[in-house]
Amino acid sequence: MLRIGCHLSSSGGFTAMGKTALSIGANTFQFFTRNPRGGAAKAISQKDVDEFLNLCRDCDITNILAHAPYTLNACAAKESVREFAFNTMADDLKRMEYVPGNMYNFHPGSHVGQGIETGIKMIAEVLNTVMWEDMNTTVLLETMAGKGSEVGSRFEEIRDIIAAAKYQDKLGVCLDTCHVYDAGYDIVNDLDGVLDSFDRVIGLDRLYAVHLNDSKNPYSSHKDRHEVLGGGFIGKDAVERIVNHPKLRTLPFLLETPNELEGYAREIELIKTLYRE
Ligand code: FE
Ligand code: FE
Ligand code: ZN
């Protein structure tokens, strides 16, 4: 069955997001745990959570994905920036326990000249500090476009972070179609080859979610600018192959395209027409 949703504003709380998702034909969604540029998160209301969990049960909303703030950099050179990463992730993961069984996605980080290996070590150190044995959330490393000194634009880098992590059974990957295409994985002409390589390097059993975005820039541009589906260099035909691919079709697809709600509703409708039941 198709799991489709988009990025939603979290300002109204969980129940509001759930209702918005349903109103645009979605059965999952993504949200920022706090202001994407950082800062304190709003207090969680137990009443809102209870109402939301009921809504999920009644209306079949599953696989929601929390997204860490963009400013979170687990492998920054500055101690204070790394401390923000420790504190924010620790707090976010505790808050995720209110909605157990879902996913928390973050950008591995930018090593800012310290080198990939140092970056990988630092990221694993943050994970090993903020995660715990019986937590109920799967933490996802997002595949990156390779802009600047981003870690995680090669599958090998993601593999190495997971290999250095303590709670590996709670770790997974979110594949962002714009990012991998920009990073030099040709999902347009060789989707099978890219997924084979993902499987060989990381293992497809680690793949939990797909960020479904088109790209404003050509293959291997290392840019990371999202485009509406069919409006960029990935194109509608490739999107159709992605959502129907036997190795991807059961995963949640989350849109992060430049859209307002009506645009998201149209794209969700489009995916539904492309998806072969
Ligand atoms: Fe992201
Ligand atoms: Fe993404
Ligand atoms: Zn992006």
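As a starting point, this report considers the structure included with it. Bear in mind the structure is a predicted one, so any value in this text is a computation, not a measurement. (Residues numbered from 1 in each chain as written. Chains lettered and ligands numbered in written order. Predicted model: local features only at pLDDT ≥ 70, side-chain atom pairs only at ≥ 80, totals over all residues. Heavy atoms only, no water.)

**Some remarks on the overall build of the chain**
From N to C terminus, the chain includes nine helices and twelve strands. Compactness check: the chain gives a C-alpha radius of gyration of 18 Å against a globular reference of 19 Å for 277 residues, within 12% of the reference. Each of the three principal axes of the chain carries a C-alpha extent, and together these read 50 × 45 × 30 Å. By residue count, 57% of the 277 residues in the chain fall in the buried class. Within the chain, counting contacts between residues at least 6 apart in sequence, those at least 24 apart form 77% of the total. Of the accessible surface of the chain, which amounts to about 11600 Å², a share of 48% is contributed by carbon and sulfur atoms. (Helix = DSSP H or I, 4+ residues; strand = E, 2+ residues; numbered from the N terminus. Rg over C-alpha atoms; globule rule 2.2 N^0.38 Å. Buried < 20%, exposed > 50% of the residue type's maximum accessible area, 1.4 Å probe, protein only. Contact = heavy atoms within 4.5 Å. Areas by Shrake-Rupley, 256 points an atom, 1.4 Å probe, with all protein chains shown as cover.)

**Details of the coordination of the zinc ion (ligand 3)**
Within the protein, the zinc ion (ligand 3) binds to His 179 (NE2), Asp 224 (OD) and His 226 (NE2); these donor distances fall in the range 2.0 to 2.3 Å. Separating the zinc ion (ligand 3) from the iron ion (ligand 1) is a distance of 5.2 Å. Remark: His 226 occurs in strand E11 (residues 226-227) and His 179 occurs in helix H6 (residues 177-183); sequence separation between them is 47 residues. Each member of the pair, His 179 as well as His 226, is classed as buried. (Donors = N, O, S within 2.8 Å, 3.2 Å for Na, K, Ca; no water.)

**Re the coordination of the iron ion (ligand 1)**
Around a metal, the ideal angle is 109.5 degrees if four donors adopt a tetrahedral arrangement and 90 or 180 degrees if six donors adopt an octahedral arrangement. Looking at the metal site, the iron ion (ligand 1) is ligated by His 67 (NE2), His 107 (NE2) and Glu 142 (OE), spaced 2.1 to 2.3 Å from it. For the iron ion (ligand 1), all donor residues lie on one chain, and their spacing in sequence is H-x39-H-x34-E. On the basis of relative accessible area, Glu 142 is assigned to the buried category, the value being 0%.

**Quick look at the sheet that holds strand E6 (residues 138-142)**
Strand order in the closed barrel formed by eight strands is E1-E2-E3-E4-E6-E8-E9-E12, and the pairing between neighbours is parallel. Averaged over all adjacent pairs, the angle separating strand axes in this sheet is 30°, with direction ignored. Both strand E1 (residues 3-8) and strand E2 (residues 28-32) contribute to a ladder of four bridges, which runs parallel. Each bridged residue has a counterpart across the sheet, and for Leu 8 the counterpart in E2 is Phe 31. (Pairing = 2+ DSSP bridges. Axes fitted to C-alpha atoms, helices over the stretch in contact; angles between N-to-C directions.)

**Comments concerning the packing of aromatic side chains**
The relative placement of two aromatic rings is captured by the distance of their centres and the angle of their planes. The full count for this structure, using the stated rule, is eight aromatic pairs. For the ring pair Phe 29 and Phe 52, a centre distance of 5.9 Å and an interplane angle of 70° mean the geometry is edge-to-face. In this pair, Phe 29 sits in strand E2 while Phe 52 sits in helix H2 (residues 46-59), placing the two residues 23 residues apart along the sequence. Across this residue pair, the class does not change: Phe 29 and Phe 52 are buried. Where Phe 155 meets Tyr 185, the ring centres are 3.9 Å apart and the plane angle is 10°; that geometry is what we call stacked. Note that Phe 155 is positioned in helix H5 (residues 155-163) and Tyr 185 in the loop between H6 and helix H7 (191-201), a separation of 30 residues in sequence. Each member of the pair, Phe 155 together with Tyr 185, is buried. An aromatic cluster of three or more residues is present, and its members are Phe 14, Phe 29, Phe 31 and Phe 52. A cation sits over an aromatic face here: Arg 249 above Tyr 275, 4.4 Å from the ring centre. (Phe/Tyr/Trp six-rings, centres within 6.5 Å; stacked < 30°, edge-to-face > 60°. Lys NZ or Arg CZ within 6 Å of the ring centre and 35° of its normal.)

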